[in-house]
Amino acid sequence: MDLGLAGRKALVCAASKGLGRACATSLAREGVAVTIVARGREALEATTEEIRRATGTVVTAVAADITTLAGREAALAACPSPDILVNNAGGPPSGDFRDWERDNWIRALDANMLTPIALIKATVDGMIARRFGRIVNITSSAVKAPIDSLGLSNGARSGLTGFVAGLARQTVRHNVTINNLLPGSFETDRLRDNFAEAARASGEDPAAYWRAQMAENPAGRFGDPYEFGEACAFLCSAQAGYITGQNFLIDGGEYPGTL
Ligand code: NAP
């Protein structure tokens, strides 16, 4: 299926690894020129080379912290008028809410709510003027089914989800859609770190914990980031102009609800 994206430009945040990298790769395969952002230069440069080699498309790397004003300015300087914006950042730490102070909450809100909103604000009017725009926010299954130890994530991402629900209905008549992708468990560094910490906390062997979590998923496995990237590319496609304000859970059926 041709997604009708050749020649488009995308800004993909937090994309040297994991889900962000998968989104950038899938878009690049469709002929999109991608600008990828991450803090660590080494992984960023390796990913840039890898996507270039695999797709032959233009890949621009920006080494910056997307949760800072300077980082966002650097990203937007490299890709001032994206047709596609993929919002992503590292997830907040786990813990007990009794231990979190205002600063912990502000950091989580900055990364997982206010940064995506700032980037939407900086890019959405240009998309409206050009009559094409696709914005995808990577959130979490925790928006639909909160995870006890990830209260910072549950809270901050729900704030973004509420905001997007309103805005997405205002932009769609201009062929600018805004949707959220909610990952369940995907095999990335983040998942490995979270599960290693959970295993430590419960005194279990990390490898046994990993296998048990995998077995509990109805799919009997974790998600491959490639599967996530392809879903992102479809949401960004020319064909997806009537899909907006939605929250797509990709979790192998782990969420047990009918709807
Ligand atoms: P990952 O494999 O750890 O990759 C995170 C990527 O984001 C890296 O490229 C990292 O590079 C970059 N990054 C992190 N903080 C950044 C910042 N402040 N500015 C710029 N780049 C930044 O993580 P992932 O699993 O892909 O997760 C992506 C998001 O999805 C996270 O918010 C995570 O909480 C959420 N999520 C993931 C899962 C899952 O199963 N994997 C499930 C639910 C939710 P640098 O560190 O070099 O900056």
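Given the structure is predicted, the values throughout are model-derived calculations rather than measurements.

(A) Up close: the sheet that holds strand S2 (residues 33-38). If you trace the 7 strands from one edge of the open sheet to the other, you get S3-S2-S1-S4-S5-S6-S7, paired in parallel fashion. The open sheet has two edge strands, strand S3 (59-63) and strand S7 (247-250), and neither has a second partner. Within this sheet the neighbouring strands show an average axis-to-axis angle of 15°, counted without direction. Examined bridge by bridge, strand S4 (residues 84-87) and strand S5 (residues 133-138) share 4 bridges and lie parallel to one another. The partner of Val86 across the bridge, within S5, is Val136.

(B) Representation of helix H6 (residues 189-202) in the model. Its 14 residues place the ends of H6 20 Å apart at the C-alpha level, agreeing with the 20 Å of an ideal helix rising 1.5 Å per residue. Contacts made by the buried residues of H6 are with helix H7 (206-216). Positioned one or two residues after H6, Gly203 has a phi angle of 70°, which is positive.

(C) Quick peek at the pattern of salt bridges. Scanning all chains against the criterion turns up 10 salt bridges. Notably, a salt bridge pairs Glu187 with Arg192, separated by 3.9 Å at the nearest N-O pair. What makes Arg192 partly exposed here is its relative accessible area of 39%. Across the pair Arg221 and Glu227 runs a salt bridge, and its minimum N-O distance is 2.8 Å. Given a relative accessible area of 32%, Glu227 falls into the partly exposed group. One salt-bridge network, held together by shared partners, links Lys17, Glu187, Asp189 and Arg192.

(D) Spatial organisation of the packing of aromatic side chains. Enumeration over the complete set of coordinates arrives at 6 aromatic pairs. Considering the side-chain rings of Phe195 and Tyr209, the 5.7 Å spacing of their centres and the 75° angle between planes classify their relative orientation as edge-to-face. With Phe195 in helix H6 and Tyr209 in helix H7, this residue pair connects regions lying 14 residues apart in the sequence. Each member of the pair, Phe195 as well as Tyr209, is classed as buried. Ring geometry for Phe195 versus Trp210: centroids 5.9 Å apart, planes at 70°, classification edge-to-face. With Phe195 in helix H6 and Trp210 in helix H7, this residue pair connects regions lying 15 residues apart in the sequence.

(E) Molecular detail of the packing of helix H1 (residues 18-29) against helix H2 (residues 41-55). Packing of H1 against H2 brings their axes to within 9 Å, and their N-to-C directions diverge by 25°. By the criterion of interaxial angle, the relationship of H1 to H2 is roughly parallel. Helix-helix and strand crossings are classified by hand; for H1 and H2 the assignment is right-handed. Residues Arg21, Ala24, Thr25, Ala28 and Arg29 of H1 touch H2, and the partners they reach there are Thr47, Glu50, Ile51 and Thr55. For the contact of H1 with H2, the per-class residue count stands at 3 nonpolar, 3 polar and 3 charged.

(F) Structural view of the packing of H1 against helix H8 (residues 225-235). Across the interface, H1 lies against H8 with an axial gap of 7 Å and an inter-helix angle of 55°. In terms of axis orientation, H1 runs oblique to H8. Crossing hand, H1 versus H8: right-handed. Residues Gly18, Leu19, Ala22, Cys23, Ser26, Leu27 and Arg29 of H1 lie in contact with H8, whose contacting residues are Pro225, Tyr226, Phe228, Gly229, Glu230, Cys232 and Ala233.

(G) Focus on the environment of Leu3. If you trace the backbone, Leu3 turns up in the segment before strand S1 (9-12). Residues Leu3 and Arg21 lie 18 residues apart in sequence; the distance between their C-alpha atoms is 19 Å. In this view, Leu3 contacts Glu30, Ala233, Phe234, Ser237, Ala238 and Gln239; residues no more than four positions away in its chain are not counted.

Conventions used here
- Residues numbered from 1 in each chain as written.
- Predicted model: local features only at pLDDT ≥ 70, side-chain atom pairs only at ≥ 80, totals over all residues.
- Heavy atoms only, no water.
- Pairing = 2+ DSSP bridges.
- Helix = DSSP H or I, 4+ residues; strand = E, 2+ residues; numbered from the N terminus.
- Axes fitted to C-alpha atoms, helices over the stretch in contact; angles between N-to-C directions.
- Expected span 1.5 Å × (residues − 1).
- Contact = heavy atoms within 4.5 Å.
- Salt bridge = Lys/Arg side-chain N within 4 Å of Asp/Glu carboxyl O.
- Buried < 20%, exposed > 50% of the residue type's maximum accessible area, 1.4 Å probe, protein only.
- Phe/Tyr/Trp six-rings, centres within 6.5 Å; stacked < 30°, edge-to-face > 60°.
- Parallel < 35°, antiparallel > 145°, perpendicular 65-115°, else oblique.
- Left-handed = near helix turned anticlockwise from the far one by under 90°.
- Nonpolar A, V, L, I, M, F, W, Y, C, P; charged D, E, K, R; others polar.

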